[in-house]
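Descriptive structure summary
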Amino acid sequence: MGNSYAGQLKATRFEEVLHNSIEASLRSNNLVPRPVFSQLYLEAEQQLSSLEGGSRVDNEEEEEEGEGGPDPNGPPNPYQLPPAPEGCCTTDGFCQAGKDLRLVSMSSEPVDVPAGFLLVGAKSPSLPDHLLVCAVDKRFLPDDNGHNALLGFSGNCVGCGKKGFCYFTDFSNHINLKLTTQPKKQKHLKYYLVRNAQGTLTKGPLICWKGSEFRSRQSSTGTCNSSLFPPLESSGPLAAFPSESVPGTNPGVPMGAQQAGPASDHPSLTSASGPAVFNGKDSPKHQQLAKSSLSALPRPSALGILPNSGPPKKRHKGWSPESPSATDGGYPQSSGNRAKYEGAGVSCVPQAGLVGPASVSFPVVASGEPVSVPDNLLKICKAKPVIFKGHGNFPYLCGNLSDVVVSPLLYTCYQNSQSISRAYEQRGASSIQPISEEMQLLLTVYYLVQLAADQVPLMEDLEQIFLRSWRESHLTEIRQYQQVPSQPYPPAPSTAAPVTSAQLPWLAGLAASSCNDSVHVIECAYSLAEGLSEMFRLLIEGKLAKTNYVVIICACRNAAIDSCIAVTGKYQARILSESLLSPAEYQREVHYELVTGKVDSLGAFFSTLCPEGDMDILLDKFHQENQGHVSSSLPASSVTQAAALDVSGTPVCTSCHLEPRGVRPFQLAVAQKLLSHVCSIADSSTQNLDLGSFEKVDFLICIPPSEVTYQQTLFHVWHSGVLLELGLEKEPMTKQRVEQYILKLDAEAQTRFKAFLQNSFQNPHTLFVLIHDHAHWDLVSSAVHNLYSQSDPPVGLVDRLLNCREVKEAPNIVTLHVTSFPYALQTQHTLISPYNEIHWPLSYSNGVDLYHENKKYFGLSEFIESTLSGHSLPLLRYDSSFEAMVTALGKRFPRLHSAVIRTFVLVQHYAAAMMAVSGLPQMKNHTSVETLEITQNLLNAPKQCPCGHGLMVLLRVPCSPLAAVAYERLAHVRARLALEEHFEIILGNPSSGITVGKHFVKQLKMWQKIEDAEWRPQTYLELEGLPCILIFSGMDPHGESLPRSLRYCDLRLINSSCLVRTALEQELGLAAYFVSNEIPLEKGAKNEALESDGEKLSSTDNEDEELGTEGSTSEKRSPVKRERSSSHDSVSSSLSSKASSSALCSETSAQVSGPPQRDQARSPPPCGPAEEARATGEKPWLRTSQGPPMVISRHGPGHPPPPDCGLRTSQRGLQVSVTASSQLPSLGSTAMSTAPATGTLVLQASQCSVTKACRQPPTVFLPKLVYDVLVSTDSSGLPKAASLLPAPSVMWTSSFRPLLSKTMTSTEQSLYYRQWTVPRPSHMDYGNRAEGRVDSFHPRRLLLSGPPQIGKTGAYLQFLSILSRMLIRLTEVDVYDEEEINTSLREESDWHYLQFSDPWPDLELFQKMPFDYIIHDPKYEDASLICAHHQSIKSEDRGISRKPEDLYVRRQTARMRLSKYAAYNTYHHCEQCHQYMGFHPRYQLYESTLHAFAFSYSMLGEEIQLHFIIPKSKEHHFVFSQPGGQLESMRLPLVTDKSHEYIKSPTFTPTTGRHEHGLFNLYHAMDGASHLHVLVVKEYEMAIYKKYWPNHIMLVLPSIFNSAGVGAAHFLIKELSYHNLELERNRQEELGIKPQDIWPFIVISDDSCVMWNVVDVDCAGERSREFSWSERNVSLKHIMQHIEASPNITRYALLGMRKWASKTRGGEVREPFSRCHVHDFIILNVDLTQNVQYNQNRFTCDDVDFNLRVHSAGLLLCRFNRFSVMKKQIAVGGHRSFHITSKVSDSSAAVVPAQYICAPDSKHTFLAAPAQLLLEKFLQHHSQRFFPLSLKNHSHPVLSVDCYLNLGSQISVCYVSSRPHSLNISCSDLMFSGLLLYLCDSFVAASFLKKFHFLKGATLCVICQDRNSLRQTVVRLELEDEWQFRLRDEFQTANAKEDRPLFFLTGRHI
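The rules behind each value
Residues numbered from 1 in each chain as written. Predicted model: local features only at pLDDT ≥ 70, side-chain atom pairs only at ≥ 80, totals over all residues. Heavy atoms only, no water. Pairing = 2+ DSSP bridges. Helix = DSSP H or I, 4+ residues; strand = E, 2+ residues; numbered from the N terminus. Axes fitted to C-alpha atoms, helices over the stretch in contact; angles between N-to-C directions. Parallel < 35°, antiparallel > 145°, perpendicular 65-115°, else oblique. Left-handed = near helix turned anticlockwise from the far one by under 90°. Contact = heavy atoms within 4.5 Å. Buried < 20%, exposed > 50% of the residue type's maximum accessible area, 1.4 Å probe, protein only. Core = buried A, V, L, I, M, F, W, Y, C linked by side-chain atoms within 4.5 Å. Polar contact = N/O pair within 3.5 Å; in protein donor to acceptor, adjacent residues only side chain to side chain. Nonpolar A, V, L, I, M, F, W, Y, C, P; charged D, E, K, R; others polar. pLDDT = per-residue confidence, 0-100. Phe/Tyr/Trp six-rings, centres within 6.5 Å; stacked < 30°, edge-to-face > 60°. Lys NZ or Arg CZ within 6 Å of the ring centre and 35° of its normal. 1 Å grid on protein atoms, 1.4 Å probe; cavity = no way out; pocket = protein on both sides within 12 Å on 5 of 7 lines; lining within 4 Å. Points joined across faces, edges and corners; volume = space filled by probe spheres on them.

Glancing now at the sheet that holds strand 41 (residues 1425–1426). The strand order across the open sheet formed by 8 strands is 41-61-60-62-63-65-64-58, and the pairing between neighbours is mixed. Lying at the two open borders of the sheet, with one neighbouring strand each, are strand 41 and strand 58 (1797–1798).

Quick look at the structure:
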């Protein structure tokens, strides 16, 4: 854990250095040693902030010297007492001179004690009840830690007065101790002796020798009753605000800005509540502190001490003091330390020091007399002293209380540092002690001593010092716990003697002696009161003029010390006292000073400074002299100067160019991240968001009450096109319509928000996205709101609106918080899950540019880096002369708030600078160089541009009354100097819009080519190019974006005492900027990639990022900051810069030259951040006279619609840097550099300020205090600002927390804050944990964070667009949309079903209709035609067959919106079908039972065993022998049942490979009706289907069918259903029901049927020609109940419906019923079809095969043409799950269908596929090998007996059945071109075949199971009579023998 920071002593520990220092000071007469703190920790020049935590541990054992004591556990050494001299006294208790030394006899005697000696009591073994009084030199006695006693002894006998005993042995002999062991001072000098109030000598505290037992007071106070710390939750929201009546003591910063100090030796503490926050480095250097997570519950608890009674070592090298004392918890502690309610923490001032449940308040206990504060204290001292209460009791103050400030912050800090993390305690680490009070105070003194004169103490620094001191002293134990976690009782560490309270004042004084009176220590005898009185006396007498800090210590009492620290330095006291004010109090104070005229004295003082007389007199004089003409030194920025002229002669400027807007790659990436988070919420099993139920997206953007932000957001929404894309508005949009979507959180917000909630309630199918922009603003709890006056309605509004119950519970509202500073939303109580945080990505990772953009973001970390890069003037600066003047005036006017002084000084500087530039050079002495530079550039910039473009100066004045004063004063000076037309002064107030003078509005309109007479700028962005000073007021910026022409960001007036991370970053965020990435930089700097405002302060994120070392990081940085134009560097060089920085300022307009070729070729560069469109120019937006601004074509190929607007409102042109040798056109520009190309006149003119602006960010001026915090880094290399308290409304949970690490990503930062911060009681999340839910996160709440001005608005508007597109896509489905095939071949029968309006088929009419053999289903487009006897088919009627792989690709689909009657897959979740799906909260995940069901089937020759998985909820559909017993049957209804509540037919859906995508959720399709649905699955897929569909009945096929096709499933469904029908008939017959009354139908449905439709036909008359129809979506329930209600339904064998197609023709639905093939969704009569089986071997066309069998059996097939089914295109599973591959594992070559068969006994590669599948696939593609005559010969089909096999589209087949009495077509006149005999049975006889006639040369194909049956078939059917066979014509499928191949024999007809 070591570090070798310069200035640190590596191998020593703190106490060793302390000891050496004391020893050196005692031994030397004149030398004042360096303070210990400096020696130990500091470089001479280093700030405290660069401290590094954790010194290296010395692992050397302390050496024992030879004379060291014996082993304490060994036998005692025999000691020979030397004989006493002759004649001396040897009586116990008397010295050898015979004087009584016993304490009882000497207690009232006067004792002469020399200086530097103390009286101690020695214990004699022979007098156990007495103490002997001795005087001992205190240098040889230990301090309170048991350390630092010098070796040896020096003592006097108080009895006889003998002096100079140098050896304790001699001394013990002299006082007759009569020892039997070696005399040791540590054993025998036991107690200090002290005089009590009566002057009597009494026994005092134990002398704390190292290793001896501890002080008596520890044993009494060392055990802490944890009940002193009640949990904060139980004490209500106001628990943290006890009424302590000390005036003006609101705790705040800097003393409490809670900065995490250095702790780099454990940067990776594992989080107690979330994933580990560490950076993966496991080197010993980065050991985690206590691998068990440090608990985030820091209730202080004192730990007991395991004393070690071993003797002390004599050598002090490297000795390890253990933590001195356990005095934690001696006081009653309440939970809070607020003196006043303090605005309930709305402030930006951190109310620091409060720590979670363990926060403690200073006990209001006073002792002694009250202390009177002198009346004229402030007048004399020039500052109010700030008194920090320390340890112990604090006296009452009375008198002039308004002149002092008392704060409990230091007390709280001490208490926090006592609360050691419980990680150790939980491991049995009872030996680890908190840091002692004495040590705390001593460290505090050391800290104060080394503070520089201009530094202010920070509580965080102190906390880190305590932490490091404590950690160092316990390093050994901490390591033990890390390495041996299993050890229940670690060995007791050797404890060292602590600093005693008696030594404390002396040590403190010693430490303070070297600081030149900066720290003064006052020691009191009895109470702090006397010390305070003494301090006030010294202050009044002026004796503390050089003193900044007074430390008052009262260490007289034995029990504990009392202490307090007063800050008396004028600078420090002022800053600290002002930091304790809340923002409201700060504003009140300033307002009071302005109203009461206190500031007049300041004005009067200023007027005396000017030697030439009062400034106003000078101004008036100047005004009179120059009246009537403009100042000669400054020509007005007119547009008549020499410039590049376009054709019409109007001047143009290179910055006048409009870049196309678009979504930047970053914004798209973030939008997609947001979308994926929303999807993951929907996909999680918590059912918190059902995306499938939403049809559209709506939104509301909530923003802070700033008019400019409002207009800016309006602009974005308008121009992003998001309203049109979401379908919320139509063109043309009006401003009023757009305003509906943006809510300003002001007084009217509540009404509008109610309307939003009402809207969301009324539209449950709309997803409402509630966007809370600038989400770190107003996080005040609404409970606190009531304490505020009604004049401030916005307070607590966010909580009241966004956290109301309606928003939290609405299932269709998603809340998105958007902010650059998310820290206040990342606490232990946050509502936002860490998984729902989206961080802006880094621009590059490991040097790779992840998103190429032509603009690079320049944010806080780049600004800070510019201070390190070593060039002359960095972009972050402070103004030392301004600070010096403020400090001087602060001393002169102590009663004025420093904000008032700073404002007046700065305004004075600006006024003087304006005068100096305007021709009064003598005023240069009355302003600072920095202000003069700003003013010169402001006034000169318009002269450098042909159009008069100027630059903006932002003057930040947080306090509105002061901003008004500044505005009035500057406007007055401008008017007197006649500069009204040179630059504008704009007062920017959040509550009001922008006011710009007419002259400047005219200029802006001209630049931006606006013709609307009413146009006024409404956002700061529209001020692009306007020379102006923007006085920006308001306590916090509210997200206002600034234009690219911003050159100076003057933040010298920000509230510098407000050291909170959010406040600092928010102010600096105003300057965040997009720099043109590809422009050649000045000063020859290389153009490197600029790093985004990345891993450090600004919360960007890239999870995989591992940053390199600091050095490599800075090398990656771009040197953009090095190329600052010299005119911006200093006043002196401003003139020379004009020539050097000149650039090409001319260019023909785009109309002349046309767009550049390269830009037409490539897509326009994405640019323009959203809320911060400094990156691009954009025309203003509200115009009436011309169309909308240029937008990329919305539907152009390859361009997404640009939802973002990149709106820096000037039109920027080409920026070209001109060098002497060449002209370099800018790579990033999108305008053509036409000057050289077209030979247009080019004038070399000065460069326009707007053009310059693209090259570098603005310069920022800061207060010195803020500057110091920003540029100093802590030990981890992170800027110190990052370790400040993250937000004012939160507090740290413990001071024992690690530091943020430089390598942390934003996600890790978030987890860090979530572990180590808690909200204050005033924070809206404060009560979140109290709701009692373990999971306190709100499921539909997201947080988007990214650096300021980077484009978050554009990102979330883009997110809305892609979310809307996704929702539309989710509610749509691709269904097959194919016209019926072979419609031209329909049999032209004389008989049609002409009863057009019949709802059901008439049986008699229907029986007369002929059967249509032709297949019309488009999925069989590649199948063989089935010939009927009177067809005449021309060969060209059939298309060319497709490649097998094209079959799926080319099928036409249409995208359809899902109706409310759709079937769904597993991704659908909605409230209604939760129970149906098995996710109902009242049930466990459904239990189900497995039931076997067996029946015999003769054709298979064996018993079939099936398994049912039946969920408990579905058992009522079945009959069991007894409850839970044998499954007997599935219940069937009766034919006569007429109920409309259920569907009678059980539905069977065979499925494979579609557990996720199969459409098995029929709840909505059945419209909630009861139905029986059985999934038929293969055995190996049973588990996965059961997991996804826990509430569905499964029928599991036997394992032999694992590789079978759909035919097997259909076969088993039908056989099972018939068997079940028999069982049900038998069962119900016993109940008296006839067998024919049992319902015989089942439904067999595909797993892709998604919706069902009905055709409504309007027939004018029965036979009328007029016929109209329309199709609509209906529920499956409607269709099934209609069909089931058909009369005579049991006479039909098969019922079905059409397949839907968009191009269905009227003719297809004109006839309501057809007798033809049915597919996909069939209703099967298992009774009638008892003897017709599906072929269980089939993979394809098994439904056609079955249809033909049913028809040939004389049964009726009826298709309802008025019903249709839509089939969804599902890309997985189904028939695609069969892959034909080689059995040879290493063969990767694709297998083509020609290889599916081979000659028997050949060496052909066998395939891993069922033989039947190979056969079917081969015949489909290569049947012409077997039937060459049949190819395209449709008039001579192939005769197929008893089966239909697909022989490919170019061959026709004729199906005949060999069954007796079967219906076959008449074949007498047909000549067949081939004969196909497939597995023919005994019905096929030789006589049957002889009825048919064949062409000569026709071919035969016989297919059998084996070669033997092949030969038998040939013989049985006498085939050799008519067919000729050859040996080589025998084939088999390419299967191995064990896979049972099929065998073929082919022959030719003779």
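More follows now that the structure is in view.
Helix packing geometry: the angle between the two helix axes and the distance between the axes. In the contact formed by helix 10 (residues 437–450) and helix 13 (residues 504–512), the axes pass within 9 Å of each other and the chain directions differ by 15°. When the axes of helix 10 and helix 13 are compared, the pair comes out roughly parallel. Crossing handedness for the pair helix 10 and helix 13: right-handed. Between helix 10 and helix 13, the residues in contact are Glu438, Leu441, Leu442, Val445, Tyr446 and Val449 and Leu504, Leu507, Ala508, Ala511 and Ala512, respectively.

It is worth spelling out the pairing of strand 50 (residues 1641–1645) at this point. Every regular strand shows the same layout, with side chains that alternate between the two sheet faces. Burial within strand 50 is extensive, with 5 of its 5 residues counted as buried. Residues Phe1641, Val1643 and Ser1645 line one face of strand 50 and the alternating positions Ile1642 and Ile1644 line the opposite face, and both faces are buried. Sheet analysis places strand 47 (residues 1547–1550) next to strand 50, joined by 2 bridges and oriented parallel. Note that in strand 50 the partner of Phe1548 across the bridge is Ile1644. In this structure, strand 50 lies alongside strand 55 (residues 1721–1725), joined through 5 bridges in antiparallel fashion. Bridge assignment links Val1643 to a residue of strand 55, and that residue is Ile1723.

As a further point, take the nonpolar core. Core analysis: the largest hydrophobic core is formed by 115 residues, its most contacted members being Phe1508 and Leu1877. With near-sequence residues (within four places) excluded, Phe1508 lies in contact with Thr1489, Leu1490, His1491, Phe1493, Phe1518, Leu1527, Val1574, Ile1593, Met1594, Leu1595 and Leu1616. By size, the runner-up hydrophobic cluster in this structure holds 96 residues, among which are Trp1007, Leu1042, Leu1059 and Leu1070.

A separate point is the environment of His1592. With respect to the secondary-structure elements, His1592 resides in the loop between helix 46 (1582–1588) and strand 49 (1593–1596). In this structure, the C-alpha to C-alpha distance between His1592 and Leu1575, residues 17 residues apart in sequence, is 7.1 Å. Residue contacts for His1592: discarding those within four places in its chain leaves Tyr1476, Ile1509, Pro1511, Phe1560, His1573 and Leu1575. Polar side-chain contacts of His1592 include one of 3.4 Å to the side chain of Tyr1476.

Further remarks concern the packing of helix 29 (residues 898–917) against helix 31 (residues 960–976). Where helix 29 meets helix 31, the axes come as close as 10 Å, and the angle between the chain directions of the two elements is 15°. Here helix 31 runs roughly parallel to helix 29, going by the angle between their axes. For the pair helix 29 and helix 31, the crossing hand works out as right-handed. In contact with Ala899, Val900, Thr903, Phe904, Val907, Tyr910, Ala911 and Met914 of helix 29, helix 31 contributes Leu962, Val965, Ala966, Arg969, Leu970 and Val973. Its residues assigned to classes, the contact of helix 29 with helix 31 comprises 12 nonpolar, 1 polar and 1 charged.

As a further point, take the confidence of the model for the chain. In this model, the chain carries a mean pLDDT of 77, and residues with pLDDT of at least 70 account for 71%. Counted against residues more than four places away or in other chains, residues 484–495, with its pLDDT under 50, gives 23 contacts. Every residue in residues 630–650 scores below 50 in pLDDT, and together they form 42 contacts with partners more than four places removed in sequence or on other chains.

What follows covers the sheet that holds strand 5 (residues 189–195). Adjacent strands of a sheet pair through backbone hydrogen bonds, lying either parallel or antiparallel. Sheet architecture is open: 5 strands sit in the order 4-2-1-5-6, paired in antiparallel fashion. Edge strands, defined here as strands with exactly one partner in the open sheet, are strand 4 (155–156) and strand 6 (201–206).

To continue, consider unusual backbone geometry. Residue Pro732 follows Glu731 across a cis peptide bond; omega there is -10°. Structurally, Pro732 can be placed in the loop between helix 21 (722–725) and helix 22 (735–739). The backbone of Asn176 sits at a positive phi, close to 60°, despite the residue not being glycine. Of note, Asn176 is situated in the loop between helix 4 (168–174) and helix 5 (185–188). Under the relative-accessibility criterion, Asn176 is labelled buried at 5%. Residues other than glycine seldom take positive phi values, yet Asp517 does so here, at roughly 65°. Note on placement: Asp517 falls in the loop between helix 13 and strand 12 (519–524).

Enumeration over the complete set of coordinates arrives at 41 aromatic pairs. Summarising the aromatic geometry, the rings of Phe1760 and Phe1763 are spaced 5.9 Å apart at their centres and angled 15° between planes, so their arrangement reads as stacked. The interplanar angle of 70° and the centroid separation of 5.1 Å between the aromatic rings of Phe1894 and Trp1923 together place this pair among those described as edge-to-face. Linking Phe1894 in strand 63 (residues 1893–1904) with Trp1923 in strand 64 (residues 1923–1933), this pair joins segments that are 29 residues apart in sequence. In this structure Trp1923 comes out as buried when scored by relative accessible area, which is 5%. Clustering of aromatic rings is evident, with ring pairs tying together Phe1872, Phe1888, Phe1892, Phe1894 and Trp1923. A cation over an aromatic ring shows up here: Arg1052 above the ring of Phe1261, its NZ or CZ 5.3 Å from the ring centre. Lying across the ring of Tyr1376, Arg1451 places its NZ or CZ 4.0 Å from the centre.

Attention now moves to empty space enclosed by the protein. Approximately 310 Å³ is the volume found for the largest cavity. Taken together, 25 residues line the largest cavity, and the ones lying closest to its centre are Arg574, Ile575, Val886, Ser898 and Arg902. At the level of secondary structure, the elements contributing two or more residues to the lining of the largest cavity comprise helix 15 (570–579), helix 28 (880–892), helix 29 and helix 40 (1264–1271). Residue composition of the lining of the largest cavity, by class: 10 nonpolar, 7 polar and 8 charged.

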